[in-house]
Amino acid sequence: LFFCYFSPLQLSYIAITTKTCMTEHDRIASVVGAEMIRRWREKLPGWDQFGPEIHTVKPRNTFPSPDISFWDETNKFDIQCEFKPPKEEDRNDTIHTGTGQSIVYLHPIMNADVTFLVVPKYLYDGFNVGQYLIPFFKEVIQGKLPTGLVLYDPENPARIEMACAPDLNLVRKSKILLPD
């Protein structure tokens, strides 16, 4: 066993650096996640998928690790979200990798019931992500997987929209059981 002693000054430094080490990605994801839960609790139009007892839970910190996690106590739904920031230099990461990550959270190792891809409406270079992803979700994802699409305004991350709601009738049907 190892024991470490930190002086009060060192502890203050550790606390300050820990608080300021939140990345831009994490800060924006936190704002968007808080707004998502507020809208679900208030049952705003387009945000009536889950029960009133929905709350945030700490995401896994092992691979694969979602960015935002919720638990719907009413329906016993584990909800996992993949968040992408607006500064992604590579559109493939925002669109293709993000889509794949949001789907893989349905795998039994994660065991999510519902997943979301949370992306900016547009990237800082002006590329309209929603214009690309909404038709894709409607044609390829909806009706097949309980995966939704949430868009946020990169200039004001609390302005979000449920671009494609997940089909909750697919929740239990999409579960893949691991062989014994």
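The structure reproduced in this document is the subject of the present report. The written sequence of each chain sets the order in which its residues are numbered from 1. In keeping with the model being predicted, local features are shown solely for residues with a pLDDT of at least 70 and side-chain atom pairs are shown and tallied solely at 80 or more, while totals for entire chains, interfaces and linings include all residues. Side-chain figures throughout are based on the complete set of non-hydrogen atoms in the structure, without hydrogens or water.

## Here's the deal with the packing of helix α3 (residues 91-104) against helix α4 (residues 129-141)
Axis angle and axis distance: for two packed helices, these are the angle between their axes and the distance between the axes, and together they describe the pair.
Phase 1: A fitted line through C-alpha atoms represents every axis, and for helices the fit uses only the stretch in contact; the resulting angles, taken between N-to-C directions, go from 0 to 180 degrees. The helix and strand labels rest on DSSP assignments: H or I over at least four residues marks a helix, E over at least two residues marks a strand, and numbering proceeds from the N terminus. As a packed pair, α3 and α4 sit with axes 11 Å apart at the nearest point and diverge in direction by 40°. One element, α3, and the other, α4, form an angle in the oblique class. Helix-helix and strand crossings are classified by hand; for α3 and α4 the assignment is right-handed. Residues T94, I95, H96, T99 and I103 of α3 pack against V129, Y132, L133, F136, F137 and I141 of α4.
Phase 2: Throughout, the ten residues Ala, Val, Leu, Ile, Met, Phe, Trp, Tyr, Cys and Pro are labelled nonpolar, Asp, Glu, Lys and Arg are labelled charged, and all others, Gly among them, are labelled polar. When the residues that make up the contact of α3 with α4 are grouped by side-chain class, the tally is eight nonpolar, three polar and no charged. Roughly parallel covers angles under 35 degrees, roughly antiparallel covers those over 145, roughly perpendicular covers 65 to 115, and oblique covers all other angles. In this scheme the crossing of two helices becomes right-handed for a clockwise turn of the near helix relative to the far one and left-handed for an anticlockwise turn of less than a right angle. We call two residues in contact whenever any of their non-hydrogen atoms come within 4.5 Å of each other.

## Overview of the environment of D67
Phase 1: Considering the arrangement of structural elements, one finds D67 in the loop between β1 (54-57) and β2 (68-72).
Phase 2: Once the C-alpha coordinates of D67 and S30 are considered, the two residues, 37 residues apart in sequence, prove to be 9.0 Å apart.
Phase 3: Excluding its chain neighbours within four sequence positions, the residues that come into contact with D67 are H25, P59, C81, E82 and F83.
Phase 4: For this analysis, a polar contact is any N or O atom pair within 3.5 Å, provided that within protein one partner can donate a hydrogen and the other can accept it, and provided that sequence-adjacent residues contribute only side-chain to side-chain pairs. Engagement of the side chain of D67 in a polar contact is seen with the backbone nitrogen of F83, the distance being 2.9 Å.

## Some words on the packing of aromatic side chains
Phase 1: Two rings from Phe, Tyr or Trp (for Trp, the six-membered ring) form a pair when their centres are within 6.5 Å of each other. A pair whose planes differ by under 30 degrees is stacked, one over 60 is edge-to-face, and the rest are tilted. According to the stated counting rule, one finds nine aromatic pairs in the structure shown.
Phase 2: With centroids separated by 6.2 Å and ring planes inclined at 85°, the aromatic side chains of F50 and F77 adopt a geometry described as edge-to-face. Separated by 27 residues along the polypeptide, F50 in the loop between α2 (24-42) and β1 and F77 in strand β3 (residues 77-83) bring together distant segments of the chain. You'll find F50 and F77 in the same group, each marked buried.
Phase 3: Between F50 and F116, the aromatic rings sit 6.4 Å apart at their centres with planes inclined by 75°, giving edge-to-face as the arrangement. Within this pair, whereas F50 is found in the loop between α2 and β1, its partner F116 is found in strand β4 (residues 114-120), the two being separated by 66 residues in sequence. Exposure is judged per residue with a 1.4 Å probe applied to protein chains only, and the accessible area is read against the type maximum: over 50% gives exposed, under 20% gives buried, and values in between give partly exposed.

## Overview of the nonpolar core
Phase 1: In this text, buried Ala, Val, Leu, Ile, Met, Phe, Trp, Tyr and Cys residues form a nonpolar core when linked through side-chain atoms within 4.5 Å. Core analysis: the largest hydrophobic core is formed by 23 residues, its most contacted members being M36, W40, F70, F116 and V118.
Phase 2: Elements that contribute at least two residues to this core include exactly α2, β2, β3, β4, β5 (147-153) and β6 (156-164).
Phase 3: Element by element, the count of residues in this core is highest for α2, at six residues.
Phase 4: Beyond its immediate chain neighbours, meaning those up to four positions away, W40 contacts W47, Q49, F50, I54, F70, F116 and M162.
Phase 5: Among the nonpolar cores identified, the runner-up in size contains twelve residues, and L117, L133, I141 and C164 belong to it.

## What about the pattern of salt bridges?
Phase 1: Every case where a carboxyl oxygen of Asp or Glu lies within 4 Å of a side-chain nitrogen of Lys or Arg is listed as a salt bridge. Going through the model one piece at a time under the given rule, you end up with eight salt bridges.
Phase 2: The partner of R38 in a salt bridge is E35, and the shortest N-O contact between them spans 2.6 Å. With a gap of three residues between them, R38 and E35 both fall in helix α2, about one helical turn apart.
Phase 3: R38 gets classed as partly exposed once you look at its relative accessible area, which sits at 33%.
Phase 4: Residue E35 is classed as buried on the basis of its relative accessible area, which comes to 12%.
Phase 5: Linked through salt bridges whose partners overlap, the residues forming this network are E35, R38, R39 and E42.

## Here's the deal with unusual backbone geometry
Phase 1: Here the phi dihedral of K43 falls at roughly 55°; this positive angle occurs in a residue that is not glycine.
Phase 2: Examined against the element boundaries, K43 turns out to sit in the loop between α2 and β1.
Phase 3: Looking at K43, the relative accessible area reads 37%, which means it is partly exposed.
Phase 4: Its identity is not glycine, yet K76 carries a phi of approximately 60°, on the positive side.
Phase 5: Inspection of the secondary structure puts K76 in the loop between β2 and β3.

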